[in-house]
Amino acid sequence: MTVSAAALEVRDVYAGYGASDIIASVTLQAAQGRITTIAGPNGAGKSTLMKTLVGLLRPRLGQILIGGRDITPLSPPQRALAGLGYVPQERNVFKNLTIGENLRIGFEFIRRKSPEKEFNAARDRVLDLFPDLTARLGELAGTLSGGQRQMLAMGCALIPGPTTLLLDEPSAGLSPRYVTTMLDAVAAVNRAGVTVIMIEQNLIEAMRVSHDVVLLVAGGIRGKWGADVFLSDPEVRSLFLGGAKAKSENSGQERRSDDASAA
Amino acid sequence: MMQALLNGLVSGLLIALPAIALSLTYGILNFANFSIGAMITTGAYLAYIANTSFGAPIVLAAPIAAIVLALIAIAIQRGVYRQIRNADHVTLLVASMGVAFVLENVLRFFYGADVRTLDVPVARPLIWHGLRLNHEQLQIAVASLSAMAAIAFLLKRTRLGRAMRAISDDPDLAEVRGIERARTVDWTWAISGVLTALAGVMIALDGIVDPLIGMNYLVSVFAAAVIGGLGNPFGAVVGALIIGLVEETSALAVSTTYRQGISFVVLVLVLLMRPQGLFGAVRIRR
Amino acid sequence: MTGYLVAILTFVSLAVLIGFALNVQWGQAGMINFGLAGFYGVGAYTAAILSKQGVDGFTATVAAIALTAAISAVVSLATIRLREDYLAITTLAFSESVRLVLMNETWLTGGTNGIRDIPRPLVGLIGGQYYEAFFLALCLALVAIVYAVLDRIIRSPFGRAMRAVREDDVVAATLGKNVLALRVKAFAIGGAVIGLAGALHAYYFSYIDPGEFAGFITVYAFMTVIVGGKGSNRGLLVGACTVMVLLEGTRFLKDFVPFLSAQQAASLRLALIGAGLILILIYRPDGLAREYRLSVQNPSRPDANS
Ligand SMILES: Nc1ncnc2c1ncn2[C@@H]1O[C@H](COP(=O)(O)OP(=O)(O)O)[C@@H](O)[C@H]1O
Ligand SMILES: [Mg+2]
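We now turn to the structure provided with this report. The residue count restarts for each chain, going from 1 along the sequence in the order it is written. Ligands are numbered from 1 and chains lettered from A, in the order in which they are written. Since the coordinates come from a predicted model, pLDDT governs what is reported: local features require at least 70, and pairs of side-chain atoms require 80 or more to be given and counted, while whole-chain, interface and lining totals use all residues. Working from all heavy atoms in the structure, the side-chain values ignore hydrogens and water.

### Section: empty space enclosed by the protein
Phase 1: Only protein atoms enter the calculation, which uses a 1 Å grid: trapped sets of points that fit a 1.4 Å probe without letting it out are cavities, open sets showing protein on both sides within 12 Å along at least five of seven lines are pockets, and any residue with an atom within 4 Å of a point is a lining residue. Grid points are joined across faces, edges and corners, and a volume is the space filled by probe spheres set on the points. Per the counting criterion, the structure on display carries one cavity of 30 Å³ or more.
Phase 2: For the largest cavity, the calculated volume is near 40 Å³.
Phase 3: As for the largest cavity, its lining consists of V54, P76, R79, A80, L84, G85 and Y86 of chain A together with V176 of chain B.
Phase 4: Here a strand is any run of E in DSSP of at least two residues, a helix any run of H or I of at least four, and the numbering for each starts at the N terminus. Among the elements of the structure, α2 (76-81) and β6 (84-87) of chain A are those that each provide at least two residues to the lining of the largest cavity.

### A look at the coordination of the magnesium ion (ligand 2)
All names here are of chain A.
Phase 1: Only nitrogen, oxygen and sulfur atoms count as donors, using a 2.8 Å cut-off from the metal that widens to 3.2 Å for Na, K and Ca. Water is left out, so coordination shells may look unfilled. Only S47 (OG) and Q89 (OE1) from the protein coordinate the magnesium ion (ligand 2), and they sit 2.0 to 2.2 Å from it. On the criterion of sequence distance, the pair formed by S47 in helix α1 (residues 46-54) and Q89 in the loop between β6 and α3 (99-108) is long-range, its members being 42 residues apart.
Phase 2: According to the relative accessible area criterion, Q89 is partly exposed, its value standing at 31%. Exposure is judged per residue with a 1.4 Å probe applied to protein chains only, and the accessible area is read against the type maximum: over 50% gives exposed, under 20% gives buried, and values in between give partly exposed.

### Observations concerning the site of ligand 1
Residue and element names in this part refer to chain A.
Phase 1: In the neighbourhood of ligand 1, the contacting residues comprise Y17, I22, P41, N42, G43, A44, G45, K46, S47 and T48.
Phase 2: Any N or O atom pair separated by 3.5 Å or less is treated as a polar contact, with the protein-specific requirement of one donor-capable and one acceptor-capable atom, and with residues adjacent in sequence counted only for side-chain atom pairs. A distance of 3.0 Å separates an oxygen atom of ligand 1 from a polar backbone atom of G45.
Phase 3: T48 is positioned with one of its side-chain polar atoms (N or O) 2.5 Å from an oxygen atom of ligand 1. Proximity is defined per residue: if any heavy atom of the residue lies within 4 Å of a molecule or strand, that residue is considered near it.

### A short note on the sheet that holds strand β7 (residues 164-168) of chain A
Residue and element names in this part refer to chain A.
Phase 1: Read across the sheet, six strands follow the order β6-β7-β8-β3-β9-β10 without closing on themselves; strand pairing throughout is mixed. Each of the sheet's edge strands pairs with one partner strand only, and the pair in question is β6 and β10 (220-226). Across the sheet, the mean angle separating the axes of adjacent strands is 15 degrees when strand polarity is ignored.
Phase 2: Pairing of strand β3 (residues 35-39) with strand β8 (residues 195-199) involves four bridges; the strand directions are parallel. Bridging from a neighbouring strand, T36 pairs with I197 of β8.
Phase 3: For this analysis, residues touch if any pair of their heavy atoms sits within 4.5 Å. Every axis corresponds to a line fitted to the C-alpha atoms, with the helix fit spanning only the stretch in contact, and the corresponding angles, defined between N-to-C directions, vary from 0 to 180 degrees. Those strands touched by helix α5 (residues 146-158) are β6 and β7, and its axis lies near 170 degrees from that of β6.
Phase 4: The strands touched by helix α6 (residues 176-191) within the sheet are β3, β7 and β8, with β8 carrying the most contacts at an inclination of about 155 degrees. A strand pair is defined by DSSP finding two or more bridges across the two strands.

### Points about the interface of chain B and chain C
Often, the extent of an interface is quoted as the loss of accessible area on bringing the components together.
Phase 1: With 57 residues of chain B at the interface, the matching set in chain C holds 53 residues.
Phase 2: Carbon and sulfur atoms make up 65% of the area that chain B and chain C hide from each other, which totals about 5,100 Å².
Phase 3: We define a salt bridge as a contact between a side-chain nitrogen of Lys or Arg and a carboxyl oxygen of Asp or Glu at a distance within 4 Å. Counting across the chain B and chain C interface gives zero salt bridges.
Phase 4: The set of elements that each furnish at least two residues to the side of chain B that touches chain C consists of α3 (58-79), α4 (89-111), α7 (171-176), α8 (181-206), α9 (215-227) and α11 (259-273) of chain B.
Phase 5: The dominant element in the side of chain B that touches chain C, judged by the number of residues it contributes, is α4 of chain B, at 15 residues.
Phase 6: For the side of chain B that touches chain C, a count of residues per class yields 35 nonpolar, 13 polar and nine charged. Accessible area, probed at 1.4 Å, shrinks when two parts are joined; the buried area is that loss added up over both. Amino acid classes used here: Ala, Val, Leu, Ile, Met, Phe, Trp, Tyr, Cys and Pro are nonpolar; Asp, Glu, Lys and Arg are charged; the rest, including Gly, are polar.

### Observations regarding unusual backbone geometry
Phase 1: If you check the backbone angles, S25 of chain A has positive phi at about 50 degrees while not being a glycine.
Phase 2: Tracing the backbone shows S25 of chain A in strand β2 (residues 23-31).
Phase 3: On the accessibility criterion, S25 of chain A (37% relative accessible area) is partly exposed.
Phase 4: Positive phi outside glycine occurs at D117 of chain C, with the angle close to 50 degrees.
Phase 5: Tracing the backbone shows D117 of chain C in the loop between α5 (106-109) and α6 (123-126).

### A few points about the state of the cysteines
Residues and elements named next belong to chain C.
Phase 1: Only a pair of cysteine sulfur atoms within 2.5 Å qualifies as a disulfide here. Going through the model one piece at a time under the given rule, you end up with zero disulfides over all chains.
Phase 2: Unpaired in terms of disulfides, C139 finds its nearest cysteine sulfur in C241, a separation of 14 Å.
Phase 3: Since its relative accessible area comes to 0%, C139 is described here as buried.
Phase 4: Taking the relative accessible area as the measure of exposure, C241 reaches 38% and is therefore partly exposed.

### Considerations on the packing of helix α3 (residues 57-77) of chain C against helix α10 (residues 179-205) of chain C
All names here are of chain C.
Phase 1: Between α3 and α10, the least distance of the axes is 7 Å, while the angle of their chain directions is 145 degrees. Judged by the twist between their axes, the crossing of α3 over α10 is right-handed. Of α10, the residues touching α3 (which contributes G57, A60, T61, A64, I65, T68, A69, S72, A73, S76 and L77) are L180, V184, F187, A188, G191, A192, G195, L196, A199 and Y203.
Phase 2: Looking at the contact of α3 with α10, its residues break down into 14 nonpolar, seven polar and no charged. If you view the pair so one helix is near and one far, a crossing is left-handed when the near helix is turned anticlockwise from the far one by less than a right angle, and right-handed when it is turned clockwise.

### Examining the packing of aromatic side chains
Residue and element names in this part refer to chain C.
Phase 1: Classification of ring pairs rests on two measures: the distance between centres of Phe, Tyr or Trp rings, Trp counted by its six-membered ring, which must be within 6.5 Å, and the angle between planes, read as stacked under 30 degrees, edge-to-face over 60 and tilted in between. What the rule picks out here adds up to 24 aromatic pairs over all chains.
Phase 2: Judged by centre distance (5.9 Å) and plane angle (65 degrees), the rings of Y45 and F213 are edge-to-face. With Y45 in helix α2 (residues 36-52) and F213 in the loop between α10 and α11 (215-228), this residue pair connects regions lying 168 residues apart in the sequence.
Phase 3: Following the ring pairs from residue to residue traces out a cluster consisting of F11, Y131, F134, F135, Y204 and F205.

### Section: the packing of α5 of chain A against α6 of chain A
Residue and element names in this part refer to chain A.
Phase 1: Where α5 contacts α6, the axes come no closer than 11 Å and their chain directions differ by 10 degrees. Here α5 lies roughly parallel to α6, going by the angle between them. Along its contact with α5, which presents G147, Q148, Q150, M151, M154 and L158, the element α6 presents Y178, T181, M182, V186 and V189. Each angle receives one of four descriptions, namely roughly parallel if under 35 degrees, roughly antiparallel if over 145, roughly perpendicular if within 65 to 115, and oblique otherwise.

### A look at the pattern of salt bridges
Phase 1: As enumerated under the stated definition, the model contains 21 salt bridges over all chains in all.
Phase 2: Measuring nitrogen to oxygen at the nearest pair gives 2.8 Å for the salt bridge that ties R162 of chain B to E108 of chain A. Residue R162 of chain B is located in helix α6 (residues 159-169), and its partner E108 of chain A is located in helix α3; the two belong to separate chains. Comparing R162 of chain B with E108 of chain A, the two get one shared label, buried.

### Considering the side chain of T195 of chain A
All names here are of chain A.
Phase 1: Here T195 is to be found in strand β8.
Phase 2: A polar contact is formed between the side chain of T195 and the backbone nitrogen of G33, at a distance of 2.9 Å.
Phase 3: Filtering out sequence-adjacent residues up to four positions away, T195 remains in contact with A7, A31, Q32, G33, R34, T163, T164 and L165.

### Some words on the sheet that holds strand β5 (residues 69-70) of chain A
All names here are of chain A.
Phase 1: Across the sheet, four strands lie side by side as β2-β1-β4-β5; this open sheet has antiparallel pairing. The strands lining the two open edges of the sheet, one partner per strand, are β2 and β5.
Phase 2: Both strand β1 (residues 6-15) and β2 contribute to a ladder of six bridges, which runs antiparallel. By the bridge assignment, E9 is partnered in β2 with Q29.

Spelled out as structure tokens, the structure:
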């Protein structure tokens, strides 16, 4: 295991929507420059945890730190300004605005002082990553297919140049070809120096690009693994019983070793 | 008939301003502002005060009224709506009714129920092929069209406009994208204040100032906004033109005292046949 | 003094009846009625016009109840699939339209002059001397009856279904509840009670005009219900008394502040009522009475509004 500073740290966080906590006593650290995947069954509270990280939910107790700085009191826009990018699981684009406007909004409120040419450069970089969007800049985002919408959402989170990127199921609902494209894009972004924390259900594919895995079950953290060993752990296998076993074996050779990718 | 259409068009342009204001606050705050009638009245009185007490000509009195009402609207947002914690849209609705009640009666307190008029020079109407367009109507048309152009530019081309549309589309996502909700909401109220004040001034120009002038337009304004799809400012303009035309042409058959009654009927028909409005996305109760 | 007290208690009874109605529509079913004044006017004018035609008080009251309930049902139908904002707008527009009819259809309503000398039921039997007291007793009895009936309704399966619809009508629909019928019924039940209150209003004053059925009635009703704790019929008593004390108390304003004209004092009173409503929404959204609450708080972000 590489020792590196925690880009994002969660200390004993409790949060929920009403009277009761959905996540309880969650503590975790996402290492600088790596991809940490949060795995767990449906309804475990993964999205809830991520909403708490971006500030859409206030934790009842606990602290959230970015690069050692306590951001718990900050509002979502302030956290975005502090370098946190986020792609929600659903409703992740402004449907009644054009694709071009979505990208601009992704940039202009976080990089308030940047001149137009920096926006253009940032937009070109995003369009290089997702060329499908280029021809459709003037169309409403609501007209995009699921896969393209996911790409736009990702592009909007990337365009201001976040230091930490939170992705809630970036490959959900995508066709297999798009799943690969999307996760390759995540890996590329990460190679460019962005710390990534993502929730994924496509575990086989996710393990291909991830470094670390955290398991969240029923609102609590069950442990942390290297991505290369996660799917072969007996506890994990019993949790994701069924297809996961067979698939995990034939995807084994694709997995990158932890050390090789830590650069 | 042609004259009725022309009058209807001008009346529609007048209704359009508060209808846009209603749609903007509805889209961004997610509640229907029932104090919009009282805001119109307040705007008219502010212009009246500037005009008669301070002797400002109407071209100066109107912007003064607009700015002051914008500040009042922001103050109400901060002092009332924002203070209601965990408010659902129904609670805010009721609060806005309370605000209307306060505004209207404060005006009554200072100015009574007397009918007043602005101090403006009288000008001869324009006559063209038998159609009359009086000076006030011309002012209404020009002011309203300019205000609409400014709003369209604001919404489509400026950072604030994009922030407003983004919040209207998805408030959580907007915050995550770095948009400060509170500040955008303040601006929205300011714009709403400007638009309603202009409408109030124009109603006063075309007639009188009394504590009920805004209330007399409330139903028409709501009907216009609903026809356009609540929350859709561009739809509200079309809705306002429809309401203006229907009200004026129906005056050929029904007594003008039933102007608001006609709007009510149109409103119900639209709700029954196309509840989402002619353009809006459906906002189903949940 | 006794006469004053009797009058005040009669007003309180009427306010409580209107509060009951709003509590069914808004408190239980979650349906907003900003046109309450208009429905109240329909009830009052129906009773008054029929009584003037020689119809006996009981029949006229039943007719007022039936007509107000029927109109309520129809108005609620128009907004059945939409959010509460639309119902609020439609009812308000309805109320304004009613006011226009009351003011302009002179042949029917007497126009702005209103209707005078509305015959009071049983006045020949009771005699003028005790009539006020009798009327108060009648109102109190009706309050008790309506309370009992509504209490049964609230506790019945229908009442539970109504609250289920209020909390989440999608869930209620999937549970097989007929949401549409439920909402129409709830609004009509409220309408019936408003119609009753309107009829009593006409009889009590034996004179009505359109000015009495303006927006302030609606504001008082909301204030009563909110002060009492939305949805709680027992809290309503507290609510109605508080509003009445406020109304009557501020009536003496002009005695203390001599330079105010009667008109100014009246406006100031109304402005204070509006401000009171806002303050209660801010500081005591669950009402002063804080009765038991049947609903759970909607889960939402603590900082959801700005
Ligand atoms: N907006 C919400 N309000 C109330 N409860 C919610 C909300 N969103 C999610 N929940 C509940 O929180 C729990 C965890 O949901 P979520 O965090 O979305 O799980 P996951 O993303 O792991 O599938 C579920 O029981 C869900 O019903
Ligand atoms: Mg999720």
